[in-house]
There are 4 protein chains.
Amino acid sequence: MHILMDDRGKKYMVADKEFHTDYGFITEKDIVGSSPGDILKTHLDREFKVIKPNVNDYIELMERKCNIILPKDIGIITAKTGLGSGFKVLDAGTGAGATALHFGNIVGNDGKVYSYEIREDFAEIAERNIKGFELDNVEIKCKDVTEGIDEDNLDLVFLDLPKPWDVGEFAKKSLKVGGYIATYTPFIEQVQILQRVLKKIGFSEVESFECTLRGIEVTNKGTRPKTRMAGHTGYLTFGRKL
Amino acid sequence: MHILMDDRGKKYMVADKEFHTDYGFITEKDIVGSSPGDILKTHLDREFKVIKPNVNDYIELMERKCNIILPKDIGIITAKTGLGSGFKVLDAGTGAGATALHFGNIVGNDGKVYSYEIREDFAEIAERNIKGFELDNVEIKCKDVTEGIDEDNLDLVFLDLPKPWDVGEFAKKSLKVGGYIATYTPFIEQVQILQRVLKKIGFSEVESFECTLRGIEVTNKGTRPKTRMAGHTGYLTFGRKL
Amino acid sequence: MHILMDDRGKKYMVADKEFHTDYGFITEKDIVGSSPGDILKTHLDREFKVIKPNVNDYIELMERKCNIILPKDIGIITAKTGLGSGFKVLDAGTGAGATALHFGNIVGNDGKVYSYEIREDFAEIAERNIKGFELDNVEIKCKDVTEGIDEDNLDLVFLDLPKPWDVGEFAKKSLKVGGYIATYTPFIEQVQILQRVLKKIGFSEVESFECTLRGIEVTNKGTRPKTRMAGHTGYLTFGRKL
Amino acid sequence: MHILMDDRGKKYMVADKEFHTDYGFITEKDIVGSSPGDILKTHLDREFKVIKPNVNDYIELMERKCNIILPKDIGIITAKTGLGSGFKVLDAGTGAGATALHFGNIVGNDGKVYSYEIREDFAEIAERNIKGFELDNVEIKCKDVTEGIDEDNLDLVFLDLPKPWDVGEFAKKSLKVGGYIATYTPFIEQVQILQRVLKKIGFSEVESFECTLRGIEVTNKGTRPKTRMAGHTGYLTFGRKL
């Protein structure tokens, strides 16, 4: 998978085959042999720059049929749980695979991401998306995670589900000592149940947060926070097996 | 390095040698052979649980002589830049090494973190902290990053410096196409200069943000955001080499 | 001025004369003699409820050709300065008169609002808007406030101007001891100048703020903060003559 | 009641009688005859400045035995409901009288505030506080507002109570058409009940908010939001009788 950018700054996700645009086509050979920084030319002599494929670019361009979690929330999850290279992660529900891609990108070849999705159509989309980003360490499973977790010795169980508490006991069993459960839920009622259930199951360090990210605008007229901002995305709840 | 937790929930960072506490001592042999989940006993029969060493635990317990960047801000930096396993990162100034530890934890054995610190005393503390967390992929350099960057083909240049714009040109040269510069600065005047300089140097996607994280409290009395919250830590500014 | 509401909840601002709608007309006599809570009928027998005229309803329905300051920011200004009945206020620039209306509504018959507007067209609109709300205590002046303030013994000088610092000295002179200057400015650069200039002129308790108001949504699906929210409107800066 | 300020900027609330300080005393005659801006001297020749008594100064200096609502929240309440001179307000529970003072300050001689407090000790403190600020338009009633509201034709019913919904029906009956109920509650569970009950009772425009106020710091080192900030005070819920 390659990201090409035209002279208008528009980005394209390109597979290892001939690439056609309104500026002409680029040959498969040129695409396959390219590396970040190269300039590729179409048969009409228009230039496209090869840029390093980035997980956010990819997620923005990939096939999606559902809402995805924003990078700000994924960043809080990874930083709070100390996610790193070599970690073993369970992710559910997969959706289009955005969190699985982020986790796979971080845990690397020494790590592994198991991503459970109950809907077959979503699992198929996610499968294609993961393959497209050339991650070998993500396994999409078309399974209902509320019926159990096959894996053990996990570092992180991340749940983006309507009733993540149903997975609490399974998560507890499958995690390493020191590992984390993390959930993303839009409603405060879900946070209330999670706080109660996770503590009851025996998780430690149970905490919930909301993260707000606000852009700052610097123009000739002056500097100010951006008017446009999401007032809310979802609450993040964490628990730790200690 | 091991993290032990006593029955009061207090955590200890323990090296591969005999460990003494007010509850008695644990033998070097027991410490060295332990793995997460094990219960170790002192000669007074008090129990300590071995927990998986986590980068945040470690940073909390390690030696620090300066302010460190909070996980929330590190999370935004890693998620926005798509940092992953195998990436090559330049980090400056190192300080006690908190960001170097987070980056090293993520880029793993296939990646590398070069961390520049101008003050020798800080570089030595950071060196010890990195060694203590057993990361082989972080190199602390006692150098002034404003005089140049030795490395090239970098994925991320992260700067926690008073005048990060002084490193803009070097960062631009040392980054891969598609790579990011990211800066952390407490003051809006720094954001204003960064926005101007990074654009002038030719960085794309220049954006600045502030991230707010607020805890949610669920008790018997009711649910509410926590009163205690940091109104501000630092602004994050990003630029991309395209 | 009366506010009528139809059975769809739509509100209308109605003067003391015959009122025509797509539901038929209501006679002048009915309008003039009405009081809040009355039901007026059109000649087609459609019902309109008379509701107590509220300054926010009025501002929403009145003629505007420029941006207006939101109630949240007006609320912070009035609460921070302790504005009350009987106070003497200077307001500039008037714009469509929204802040003058809010201030006039609060200071009442024992108080007075002088509102300076440099543009004749805005001053005329504001004049009509003030008259429409039947406030006798607001005087619109088509004058450049940066050339001086005619009044003295003021409790509050409120400035919604690009360069409010130009009025600092005049404000200082015209205020009572204990009175406040308050400014609304979109950009942080304006705050920086204001803080410096107001302190230099001798104002005490110089402080700047930003106010964020977020709606909370309670539906059958659950409770959550609203996604839609303004990330920024303006900074409020205060100084006090002591 | 007078506010005097010494040369260190410290403020004192002073009644119409001889005033003793560590800088000496000021005679009753001097105090009684003073007006804002005057300089009064003690018998030791130390100077005190007379400043215009402000409702916030007063609340800060007055006797309090309970938490009070911050000006930011009072500002949102007054601005959202369009509170003005001449309005009739019911306030409960009174506490030390801070909201009653703010409302009384705004509604003036043509308006009236009835403030219900169930605890006799609080009612007495509030009574003294109101008298001290020389407001003739505030009546403290030592009554349980959940048993009924004596007044009618009200513009605003403000409730700072654990279960404000118990007063919903009484509020509805006592308000003018167009008038508002407003509540201040720390917990989201209270907001959930209020939203449901107020809608059921027939209030319109039922909305809930949280207001965040953040200070901006401009120093020689630079400009930045203040670190110190309250993450939460209370939720504000409004309903309107239409």
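Each chain carries its own residue numbering, running from 1 in the direction its sequence is written. Whichever chain is written first becomes A and whichever ligand is written first becomes 1, with later ones labelled in order. Only residues with pLDDT of 70 or above have their local features reported here, since the model is predicted, and side-chain atom pairs are shown and tallied only from 80 upward, although totals for entire chains, interfaces and linings are computed over all residues.

**Structural notes on the interface of chain D and chain B**
On the chain B side, the residues contacting the 18 residues of chain D number 17 residues. Put simply, DSSP marks the helices as runs of H or I at least four residues long and the strands as runs of E at least two long, and each gets a number from the N terminus on. Counting only elements with at least two residues in the side of chain D that touches chain B, the list comes to helix 7 (188-201), strand 13 (222-225) and strand 14 (228-230) of chain D. The dominant element in the side of chain D that touches chain B, judged by the number of residues it contributes, is strand 13 of chain D, at four residues. Amino acids are sorted into nonpolar (Ala, Val, Leu, Ile, Met, Phe, Trp, Tyr, Cys and Pro), charged (Asp, Glu, Lys and Arg) and polar (every other residue, Gly among them). Here the residues of the side of chain D that touches chain B are counted per class, giving six nonpolar, six polar and six charged. Distance between backbone-placed C-beta atoms decides contact: two residues are in contact if it is within 7 Å.

**Points about the relation of the copies chain D and chain B**
Two copies of the chain are present, and they differ by a rotation about an axis and a shift along that axis. The copies were overlaid by least squares, fitting only the C-alpha atoms of residues that reach a pLDDT of 70 or more in each copy. Of the two same-sequence chains, chain D is brought onto chain B (RMSD 0.0 Å, axial shift 0.0 Å) by a rotation of 180°. The symmetry that links the two subunits is that of a two-fold axis. In terms of C-alpha distance to the rotation axis, chain D has D:M229 as its closest residue, with the C-alpha 3.3 Å off the axis. Interface overlap between copies: 94% of the residues of chain D at the interface are likewise at the interface in chain B, consistent with a symmetric, same-surface contact.

**Some thoughts on the confidence of the model for chain A**
A residue's pLDDT is the confidence the predictor assigns to it, expressed on a 0 to 100 scale. Mean pLDDT over chain A stands at 95; residues scoring 70 or higher make up 100%. Scoring of the predicted complex yields 0.95 for pTM and 0.94 for ipTM.

**Structural notes on the relation of the copies chain D and chain C**
Of the two same-sequence chains, chain D is brought onto chain C (RMSD 0.0 Å, axial shift 0.0 Å) by a rotation of 180°. In this assembly, 100% of the residues forming the interface of chain D have copies in chain C that are likewise at the interface, indicating an isologous arrangement.

**Description of the packing of helix 3 (residues 71-81) of chain C against helix 3 (residues 71-81) of chain D**
The geometry of helix 3 of chain C relative to helix 3 of chain D is characterised by a closest axis approach of 7 Å and an angle of 125° between their N-to-C directions. The orientation of helix 3 of chain C with respect to helix 3 of chain D, classified from their angle, is oblique. You can see that helix 3 of chain C and helix 3 of chain D cross each other, and the crossing is right-handed. Residue-level inspection shows C:P71, C:K72, C:I74, C:G75, C:I76, C:T78, C:A79 and C:K80 of helix 3 of chain C in contact with helix 3 of chain D, the latter providing D:P71, D:K72, D:I74, D:G75, D:I76, D:T78, D:A79 and D:K80. Partitioned by chemical class, the residues of the contact of helix 3 of chain C with helix 3 of chain D number eight nonpolar, four polar and four charged. Here an axis means a line fitted to C-alpha atoms, over the contact stretch when the element is a helix, while the angle between two N-to-C directions is reported on a 0 to 180 degree scale. Angle categories: roughly parallel below 35 degrees, roughly antiparallel above 145, roughly perpendicular from 65 to 115, and oblique for all the rest. By definition, turning the near helix anticlockwise from the far helix through less than a right angle yields a left-handed crossing, and turning it clockwise yields a right-handed one.

**Details of the sheet that holds strand 2 (residues 11-14) of chain D**
Pairing between the strands of a sheet is mediated by backbone hydrogen bonds and can be parallel or antiparallel. Residue and element names in this part refer to chain D. Taken together, the four strands give an open sheet; going across it, the order is 2-1-6-5, and neighbouring strands pair in antiparallel fashion. Strand pairing shows two members of the sheet lacking a second neighbour, strand 2 and strand 5 (39-41), which therefore form its edges. Taking the axes of each pair of neighbouring strands and ignoring which way they run, one obtains an average angle of 35° across the sheet. As judged from the four bridges shared by strand 1 (residues 2-5) and strand 2, these two strands associate in the antiparallel manner. Looking across to strand 2, one finds that I3 is bridged to M13. Should DSSP find at least two bridges between two strands, the strands are taken to pair.

**Regarding the sheet that holds strand 2 (residues 11-14) of chain C**
All names here are of chain C. Spatial strand order, 2-1-6-5: four strands in an open sheet with antiparallel pairing. Pairing within the sheet leaves two strands with one partner each, and these edge strands are strand 2 and strand 5 (39-41). Strand-to-strand twist across the sheet, computed as the mean angle between neighbouring axes with direction ignored, equals 35°. Pairing of strand 1 (residues 2-5) with strand 6 (residues 47-51), which is carried by three bridges, proceeds in the antiparallel orientation. Paired with L4 across the two strands is V50, which belongs to strand 6.

**Some points on the interface of chain D and chain C**
Opposite the 49 residues of chain D that make contact, chain C presents 49 residues. Contributing elements (two or more residues each) for the side of chain D that touches chain C: strand 6 (47-51), helix 2 (55-61), helix 3, helix 4 (98-107), strand 11 (175-185), helix 7 and strand 12 (204-219) of chain D. With 11 residues, strand 12 of chain D is the single largest residue contributor to the side of chain D that touches chain C. Per-class residue counts for the side of chain D that touches chain C are 20 nonpolar, 20 polar and nine charged.

**Thoughts on unusual backbone geometry**
Excluding glycine, residues mostly carry a negative phi; peptide bonds, for their part, are mostly trans. A cis geometry characterises the amide bond from A:A92 onward to A:G93, with omega recorded as -15°. With respect to the secondary-structure elements, A:G93 resides in the loop between strand 7 (88-92) and helix 4 (98-107). For C:E205, which is not glycine, the phi torsion reads 45° and is therefore positive. Relative to the assigned elements, C:E205 resides in strand 12 (residues 204-219). Burial in this document is a count-based property: other C-beta atoms within 10 Å of a residue's C-beta are tallied, and the residue is buried at 20 or more, exposed at 12 or fewer, or partly exposed in between, with C-beta positions derived from the backbone. Judged by C-beta crowding, with 13 C-beta atoms within 10 Å, C:E205 ranks as partly exposed. The phi angle at D:E134 is positive, at roughly 60°, despite the residue not being glycine. Assignment of secondary structure puts D:E134 in the loop between helix 5 (120-132) and strand 9 (138-141).

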